[in-house]
Amino acid sequence: MPFLLRRCLWCAAFLSFCLLLSCAGGPETPKIGNGAHPETPDAARLLRSGDAAGARHLLLRIGTRTCAQELLLSEAALTLNDSEEALQSALRARGMAANDPQLVHMADLASGEAFLAANRAEDALSAFTAARKGALSMQERDRATVCCARAELARGGVEAARRLRNEILRSDIRELADLDRRLALVERISGQPAATSNRTPNTSTTSALARRPPGKGIAPPPVNLRASWNARPIKLRNEPDPMGKVTRVTVHHTADPNGLPSSAFVENAARVRAYQSAHQDTEKWADIGYHFIIDRQGRIFEGRELCWQGAHAGNEQANLHNVGVALIGDFERMKPTDAQQTALTTLLTWLVKEYSLPWPVIKGHNDVKRAHMAKGTTCPGKHLATLLAQIKAKG
Ligand SMILES: [Zn+2]
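Our subject in this report is the structure included herewith.

Calculation criteria
- Residues numbered from 1 in each chain as written.
- Predicted model: local features only at pLDDT ≥ 70, side-chain atom pairs only at ≥ 80, totals over all residues.
- Heavy atoms only, no water.
- Helix = DSSP H or I, 4+ residues; strand = E, 2+ residues; numbered from the N terminus.
- Contact = heavy atoms within 4.5 Å.
- Buried < 20%, exposed > 50% of the residue type's maximum accessible area, 1.4 Å probe, protein only.
- Donors = N, O, S within 2.8 Å, 3.2 Å for Na, K, Ca; no water.
- Salt bridge = Lys/Arg side-chain N within 4 Å of Asp/Glu carboxyl O.

**Notes on the overall build of the protein chain**
A tally of regular secondary structure across the protein chain gives 16 helices and 7 strands. Taking contacts inside the protein chain between residues at least 6 apart in sequence as the whole, the part at least 24 apart equals 68%.

Right, dumping it as structure tokens:
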């Protein structure tokens, strides 16, 4: 499988790193004889300006290269499609990097890229996994995770790639869009979304959240992915409208006639699955109507993916650009639990920040329904309506 972006993942960061070390005279400053060697900054600049052949030429003139220089050479060779030279340089760099976690991380990434270029996806995955483990920051970890997902795709592990993709917390990793395009393409070809069989609760971020365009870099609250409750795929034959710009949020209660599930994750996941079945099979909707569901223990479940308009507020007009959040319970009769209150506050605060929403557009179902239809509803119940007013007043 061709990997068009194989070279840009760590290149920019690495080049800046090399220049910084060379200028600052740090431990990796290449030295030959008495003084700092001029080739590294020059080679880095040449690489950055697109002259990989020039950079390689400079680097090959150095008799004994440092770790940083080997990494630069690997990068140059990769750009020139010489995967063998790229791999040898990267492995030499890895051997020299032992005591510097930053260089170890970069050498692992470089080795992974070279392995990928040489069509050695298994080895690439090992190297990228090591880079992920050795990452020193969230951003480095997310970048390495993108690399792992690419290696998984290269070895045919679509489900694993999707799972990795869902573990990425930051939305401002610029390589994400490309990975998402690949995943979407693979899923279209295979006819099914990957990772739907992953039943393990995942409290990182949602696939829907992660799939949104690069946003403000505010981490979303922990959400149990659709895969964690074994969601069915969306029924695209009833294709819903794309969400477009999010402009408001509507809060609901589920007013369950069947009592409440126990505190166990599996029971709550089964309840969310039951909502989806009712919405898809009885209501004939494309998917579960809400975008988020909060159980009595404060777990947030990913409902309909945010890229799709929901089915929760009453009619087409009411659902337009509207995120639906439902809390499990009947809040005419009971109060939301403390955990539900905290989870709702966290989720709404994130939505408000992420989509630059004014707090007044966060409303209970009754207010939204009455604005669009003749008849109102008791939803979200008087106790949740009171809580919502309190959250908005503090917000
Ligand atoms: Zn409602």
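**As for the environment of L78**
Inspection of the secondary structure assignment puts L78 in helix α4 (residues 67-79). Taking relative accessible area as the criterion, L78 reaches 2% and is therefore assigned buried. Each C-alpha atom, one on L78 and one on E113, is 8.2 Å from the other, the two residues being 35 residues apart in sequence.

**A few points about the coordination of the zinc ion**
Of the protein atoms, only H252 (ND1), H365 (ND1) and C379 (SG) coordinate the zinc ion, at distances of 2.0 to 2.3 Å. Within one chain, the residues donating to the zinc ion are spaced in sequence as H-x112-H-x13-C. Note that H252 is positioned in strand β3 (residues 248-253) and H365 in helix α15 (residues 365-372), a separation of 113 residues in sequence. Each of the two residues, H252 as well as H365, counts as buried.

**Some details on the side chain of S111**
One can find S111 in helix α6 (residues 101-117). Judged by its relative accessible area of 3%, S111 is buried. Discounting residues that sit within four places of it in the chain, S111 has contacts with L87, A90, L91, R94 and A127.

**Describing the pattern of salt bridges**
Enumeration according to the criterion identifies 19 salt bridges in this entry. Its salt-bridge partner being D287, residue R226 comes within 2.8 Å of it at the nearest N-O pair. Placement of R226 in the loop between α11 (207-211) and β3 and of D287 in the loop between α12 (265-282) and β4 (292-294) is noted, with a sequence separation of 61 residues between them. For the pair R226 and D287, a shared accessibility class is recorded, and that class is buried. The partner of D367 in a salt bridge is R370, with the nearest N and O atoms 3.6 Å apart. Taken together, the residues span about one helical turn, with D367 and R370 both in helix α15 at a distance of 3 residues.

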